[in-house]
Amino acid sequence: MSVTFNELLSMANAQDEPQRLLFLFARPEGNNPKKSKKMQRGYIQPVMCVDKLPEELKSFRQLTNEADSVEKNWQFIFIAGLSGEKGVAPTADAAEPYLNKMTNDVISGQNIASYVVIDRAGKPIELMVS
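Keep in mind that what you see is a predicted model, and the values were worked out from it rather than measured. (Residues numbered from 1 in each chain as written. Predicted model: local features only at pLDDT ≥ 70, side-chain atom pairs only at ≥ 80, totals over all residues. Heavy atoms only, no water.)

Time to look at the nonpolar core. Among the nonpolar cores identified, the biggest contains 17 residues, and Phe5, Phe23, Phe25, Ile77 and Ile79 are the most heavily contacted of them. Every element with two or more residues in this core is listed here: α1 (5-14), β1 (19-29), α2 (60-70), β3 (76-83) and β4 (116-119). Take this core: its biggest share by element is four residues, from α1. Excluding residues within four positions of it along the chain, Phe23 makes contact with Phe5, Met48, Cys49, Val50, Lys52, Leu57, Leu63, Ile77, Phe78, Ile79 and Leu99. Within the second largest apolar cluster, 16 residues are counted, among which are Leu24, Ile44, Ala95 and Ile125. (Core = buried A, V, L, I, M, F, W, Y, C linked by side-chain atoms within 4.5 Å. Buried < 20%, exposed > 50% of the residue type's maximum accessible area, 1.4 Å probe, protein only. Helix = DSSP H or I, 4+ residues; strand = E, 2+ residues; numbered from the N terminus. Contact = heavy atoms within 4.5 Å.)

What follows is the structure in structure tokens.
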């Protein structure tokens with residue numbers, strides 16, 4: 001799914017129930033720089049996770065600056081939404097098991113197609129599992 005960060009925020013705000021957005025920052029590992037970009041192989045290493053309510057995010061730059069203040073060694077952001085119930089957004093505590101699942105999915109390469117993935121510039125990217 002190719003979507004920009006602003007489109008993602010708009011979609012989160014348009015949902016019937018309030019959302020909490022889940023972000024997993026990651027970096028590629030094990031690439032062979034001698035191969036073409038299409039043929040590079042490696043794995044994705046999770047770096048850090050955070051959850052935010054859409055109203056806590058003013059811009060993509062704000063999110064990346066906040067991330068860089070903690071750890072600068074990341075290249076991708078995996079993003080998912082967690083829906084609330086009865087007009088109440090999920091809490092940060094409720095988001096924790098889903099952030100753990102995201103981390104496990106990225107480490108194992110399983111189910112990563114269900115996440116929106118963008119790079120440091122905010123451009124959508126698609127990853128292939130081999």
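What follows deals with the pattern of salt bridges. In this structure the tally under the stated criterion is five salt bridges. The salt bridge involving Asp68 is made with Arg120; its shortest N-O contact spans 2.8 Å. With Asp68 in helix α2 and Arg120 in the segment after β4, this pair connects stretches of sequence that are 52 residues apart. Its relative accessible area of 29% is what places Arg120 among the partly exposed residues. Linking Asp105 and Lys101 is a salt bridge whose minimum nitrogen-to-oxygen distance equals 2.8 Å. (Salt bridge = Lys/Arg side-chain N within 4 Å of Asp/Glu carboxyl O.)

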